[in-house]
Amino acid sequence: MSTHAENKNAVRTYSIVLGALLTLTAVTVAAAGVNFGSAFINVVIALAIASAKASLVALYFMHLRHDRPMSAVIFVTGLAMLAIFLMFCFLDTLSREQVQPGLTAQAPARAVSISAIILSAS
Amino acid sequence: MTAASYLTEQRGLRSWLFTLDHKRIGVMYLWSTLLAFFLGGVLAMLIRLELLTPTRTLMDADTYNKVFTLHGAVMIFLFIIPSIPAALGNFVLPLLLGARDVAFPRLNLASYYLYVLGALMALASMITGGIDTGWTFYTPYSTSTGGAVNLVTLAVFVLGFSSIFTGVNFIATTHKLRAPGMSWFRMPLFVWGMYATAIIQILATPVLGITVLLLFLERVFGVGIFDPKLGGDPVLFQHFFWFYSHPAVYIMILPGMAIISEVIPVFSRRPIFGYRAIAFSSVAIAGVSFLVWGHHMFVSGQSVLASALFSFLTFLVAIPSAVKVFNWVATMYKGSIWLQAPMIYAIMFLLLFAIGGLTGLFLGSLATDVHLHDTYFVVAHFHYVMMGGVFIAFLAGLHYWWPKMFGRMYSERWSRIAAALVFVGFNTTFLAQFVMGSRGMPRRYYNYLPEFQPLHVVSTVGSWILALGLVITAGYLLASLRKRPDAPPNPWGGMTLEWQTSSPPPTHNFETVPVVDHGPYDFPPLEAEEELAGRRA
Amino acid sequence: MSGSHTVVEHGAQEPFLQHHFHDLGQQAEASKIGMWLFLVTEILLFGGLFVGYGIMRMLHSQAFHEGHLHLDRSLGAINTVVLLVSSFTMAMAVHSARTGNRERLILLLAATLAFAGVFLGVKYVEYSHKFHDGLLPGRFYRHAGDSVPGVAVFFSFYFVMTGLHGLHVLAGMVAISWLLRRAVRGDFSATYYAPVDLTGLYWHLVDMIWIYLFPLLYLIS
């Protein structure tokens, strides 16, 4: 059973978290209007703010901060797998341009057999 | 005198269709997946018949494409992936843990009904045009071809959820429903194997879900992610597809290995060698399995850098598997070997899995893969690991737990005849395929150069021997069901908890909640168990 | 634990305790693990879409930039705020359940449901604008005047990602309605409120997915 003090604590915590989330939303909308140099940096900043918001939701609304560690382990493992999927796909798509001259990031990628590349290079 | 059991305590169709008992759900899964195996097997026989001659034998090229596509899809999605976890695992896992059921019995039943729904959808595709894309559905062919691709992609989506629900259940059950005294390192290794499998089911299957969903949407709405004409990338489809489908092969093999880890100690009457190594290897395989999917795409247009990285990681994933093989063999060393059917199949597994696993290394090396990709070498490799590995392990588990599930012992004599036929038939069928693949025979080809015919004939004859062995197996197993129940609670002398209850068990599994005070492979000396020693002699 | 004990039939005392669990605490913990595992599958499901979006964006950066200019940022921001507030009311609802406050629980569940409805309403408005302008997914794309090819791909992603998300919002609304019914019936108490807790977790995940969708689709240029 929770005490009255714990109750007020929970309400206070959730309200503060909501305030932070709304503030960060305003920040991210404002930041979108500013050019930080390259498109890449803009993306990184936007994703960083989104991740801060997601962390607040996960830690406080979803109680990860106070629950048993197993829930957090499960959640983080899922994120890690997604990161691996993302990284390898990007690695492949990006490194194709370097290895196969003539195919740029703007043109659709064509499926070319590696033996053809080896033959054409020799 | 026949005691009441989960089979008899409630009767009637409704008591089965609405059951929440994990044992009944396991049995329903068993019959369903075996039916799927039978269908997949018939399709395989048709393929082998067609390939007896270099040109048309009994069907045209379009039909041939549909037959091998369906063979792959049925075997993979309707048999191999669900069979050990959902049929044997559902039955045995709670018993091994000393639990009364899985954590979420209703989810378990839902998983079964999703399986049935997905299966019916996939089978309906046979009469609504069929699919000829290969089980891998590569784009852009799969986005533009006619046939029942839409129906099959939705079927796969549904089947994916069936698999996910099983995985969720097993993890929660392992965490929360272990009997008092059963610490993580006193769990039977079968549980570790199923736990590792469940991790993969949960992490990988959703990506299959989104892949088939995107394929469906591409066909229906022309979304454009995979079609070069619309600005898409067909290799991206392959990344999506193999991100699931490579870990999927570990969803297949880990449960098989889990069975071997149970059978070998009992039939060698020795504790497993390196319990923790095997337990951790299972989880390691689950983890590393997510890092190697690009080895299916070496000649698809994937960058050389990514290919090299995937190749290196592929070599890594072989290590935990090898650790397990060494440990199983070491367990047998100086053991008291009892060659009953489960053990015969377990030893067969060791040989066939070793061949299958080692040939995977040829395919994982970039330079050799260029020559072997899309040849019969690949077909032989995966049949050695999936059939010689997973299916043989499934047979080992089926024979091991058959008395527990149905309360009957089968004919040992007929099981040996069948095992011999299966072994000879299997190797005849697939060794020939390694040879023809390395000589250039492409896979999925309807016509072939006449020089390959002798090896194709050998392979087809092998398939007949294999089929005979399997028909005999079905025969003696079904015959055993017509006997009166004659199985003792513990026919094999096992030390895991399922043998502490009757064969078959009562609906609530255990009369009293077991308390665990020893490891799963702590066998007392054989001399102290006269009755068992007598049977083993 | 010494000795074994006979299995207790506890259907009579605890109406919501399932027979294979000792007590409600064990049942709640098991369900929580189950729900987190399910949430991970949702992360990977949507994650696949994010990966596809990322790659296509990289290959067609100009087309994606042009596409996103057609999106209404204010409506997107409103929806973000609406979902965040709904997450707050959901978290408060779980808290009410945990403290046994039935009236507040009902009120907060209803509020969450209302906000979810607003979200879908705004999406309906947005989709109508898009259909009107011919900005439709895939082969139905009818918009003229694009300066680069490939804007259709952006809208394919827009509709698939927000559409799938919208379906999840709808499913969440169904679940919350069912909770509301159970709450009115008086099923929940300080000792049994797991369904509220678990539905809350699902709802927060739906919110989290939108937290990433909003900047990626509406804001980045």
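(A) Region of interest: the overall build of chain A. A count of helical and extended segments in chain A gives four helices and zero strands. Along the chain direction, N to C, the helices and strands of chain A fall in the order α-α-α-α. Going through the 122 residues of chain A one by one, you find that 25% of them count as buried. Counted over contacts in chain A with a minimum sequence separation of 6, partners at least 24 positions apart contribute 31%.

(B) The overall build of chain C, seen in detail. Looking only at helices and strands, chain C has six helices and zero strands in total. Relative to the compact-globule value of 17 Å for 221 residues, chain C shows a C-alpha radius of gyration of 22 Å, a clear excess of over 25%. Counting only C-alpha atoms, chain C reaches 75 × 40 × 25 Å along its principal axes. Here chain C holds 221 residues, and 50% of them are scored as buried.

(C) Representation of the packing of helix α8 (residues 234–268) of chain B against helix α9 (residues 275–288) of chain B within the structure. All names here are of chain B. At a minimum axis distance of 11 Å, the contact between α8 and α9 shows a crossing angle of 175 degrees. It follows from the interaxial angle that α8 and α9 lie roughly antiparallel. Here Y250, L254 and S261 of α8 come into contact with α9, specifically with I278, S282, I285 and A286.

(D) Main features of the interface of chain C and chain B. Contacts between the two partners involve 36 residues from chain C, matched on the other side by 38 residues from chain B. Looking at the side of chain C that touches chain B, the elements that each hand over two or more residues are α1 (24–59) and α5 (151–185) of chain C. Top element by residues in the side of chain C that touches chain B is α1(C). It accounts for 17 residues. Across the side of chain C that touches chain B, the residue classes tally to 19 nonpolar, 15 polar and two charged.

(E) Spotlight on the confidence of the model for chain C. All names here are of chain C. With 94% of its residues at a pLDDT of 70 or more, chain C has an overall mean of 90. Contacts from residues 1–12, a stretch scored under 50 in pLDDT, to residues over four places away or in other chains number 16 contacts. Per the prediction output, this complex has pTM 0.93; the corresponding ipTM is 0.94.

(F) Looking closely at the environment of B:Y333. Looking at the secondary structure, you find B:Y333 in the loop between α10 (304–332) and α11 (341–364). Residues B:Y333 and B:K404, spaced 71 residues apart in sequence, show a C-alpha to C-alpha distance of 28 Å.

(G) The arrangement of unusual backbone geometry in detail. All names here are of chain B. Note that the residue after T139, namely P140, is joined by a cis bond; omega there is -5 degrees. Position of P140 among the secondary structure elements: in the loop between α4 (105–127) and α5 (141–144). The omega torsion across S503 and P504 is -5 degrees, close enough to zero to call that bond cis. Note that P504 resides in the loop between α15 (453–481) and α16 (530–536). The phi torsion at K334 lies on the positive side, around 60 degrees, for a residue other than glycine. Along the chain, K334 turns up in the loop between α10 and α11. For D374, which is not a glycine, the phi torsion comes out positive at approximately 60 degrees. D374 sits in the partly exposed class, given 14 other C-beta atoms within 10 Å.

(H) Seen up close, α9(B). Residues and elements named next belong to chain B. Taking 1.5 Å of rise per residue, 14 residues should cover 20 Å, and α9 covers 20 Å from first to last C-alpha, within 8% of that figure. Three or more residues of α9 are buried, namely Y275, I278, A279, S281, S282, I285 and A286. Seen from one end, α9 has its buried residues packed into an arc of 160 degrees, which puts them on one side. Elements that come into contact with the buried residues of α9 comprise α7 (189–221), α8 and α10.

(I) Seen up close, the environment of C:V51. Among the structural elements, C:V51 can be located in helix α1. We classify C:V51 as buried; it has 23 C-beta atoms within 10 Å. Dropping the residues within four chain positions of it, C:V51 is found in contact with A:F85, A:L86 and A:C89.

(J) Just the nonpolar core, in detail. If you look at the biggest cluster of nonpolar residues, it comprises 275 residues, and the most contacted ones within it are B:V74, B:M252, B:I260, B:V263, B:Y345, B:F349 and B:A396. Here this core spans two domains, and each of domain 1 (1–67) and domain 2 (68–122) of chain A adds at least three residues to it. Beyond its immediate chain neighbours, meaning those up to four positions away, B:Y345 contacts B:I392, B:L395, B:A396, B:H399 and B:A419.

Rules behind the numbers
- Throughout, residues of each chain are indexed from 1 in the direction in which the sequence is written.
- Here the convention is simple: chains get letters from A, ligands get numbers from 1, in the order in which they are written.
- Totals for whole chains, interfaces and linings use every residue, but because this is a predicted model, local features are given only for residues with pLDDT of at least 70 and side-chain atom pairs only at 80 or more, for both listing and counting.
- Working definition: helices are DSSP H or I runs of at least four residues, strands are E runs of at least two. Numbering for both runs from the N terminus.
- Exposed residues have 12 or fewer other C-beta atoms within 10 Å of their own C-beta, buried residues have 20 or more, and partly exposed residues fall in between, where C-beta atoms are placed from the backbone.
- Here contacts are defined at the residue level, using C-beta atoms placed from the backbone and a cut-off of 7 Å between them.
- The size measure is the radius of gyration over C-alpha atoms, and the globule rule it meets is 2.2 Å times the number of residues to the 0.38 power.
- All axes here are fitted lines through C-alpha atoms, helices being fitted over the stretch that makes contact, and every angle between N-to-C directions spans 0 to 180 degrees.
- Angular relationships are summarised with four words: roughly parallel below 35 degrees, roughly antiparallel beyond 145, roughly perpendicular across 65 to 115, and oblique for the angles in between.
- Residues are sorted three ways: Asp, Glu, Lys and Arg are charged, Ala, Val, Leu, Ile, Met, Phe, Trp, Tyr, Cys and Pro are nonpolar, and all the rest, Gly among them, are polar.
- Every residue carries a pLDDT, the predictor's confidence in it, which falls somewhere between 0 and 100.
- One less than the residue count of a helix, multiplied by 1.5 Å, gives the span that helix is expected to have.
- It is the directions from the helix axis to the C-beta atoms whose arc is reported.
- Definition of nonpolar core: a set of buried Ala, Val, Leu, Ile, Met, Phe, Trp, Tyr and Cys residues joined via C-beta atoms within 7 Å.
- Domain delimitation follows an automatic or database domain assignment.

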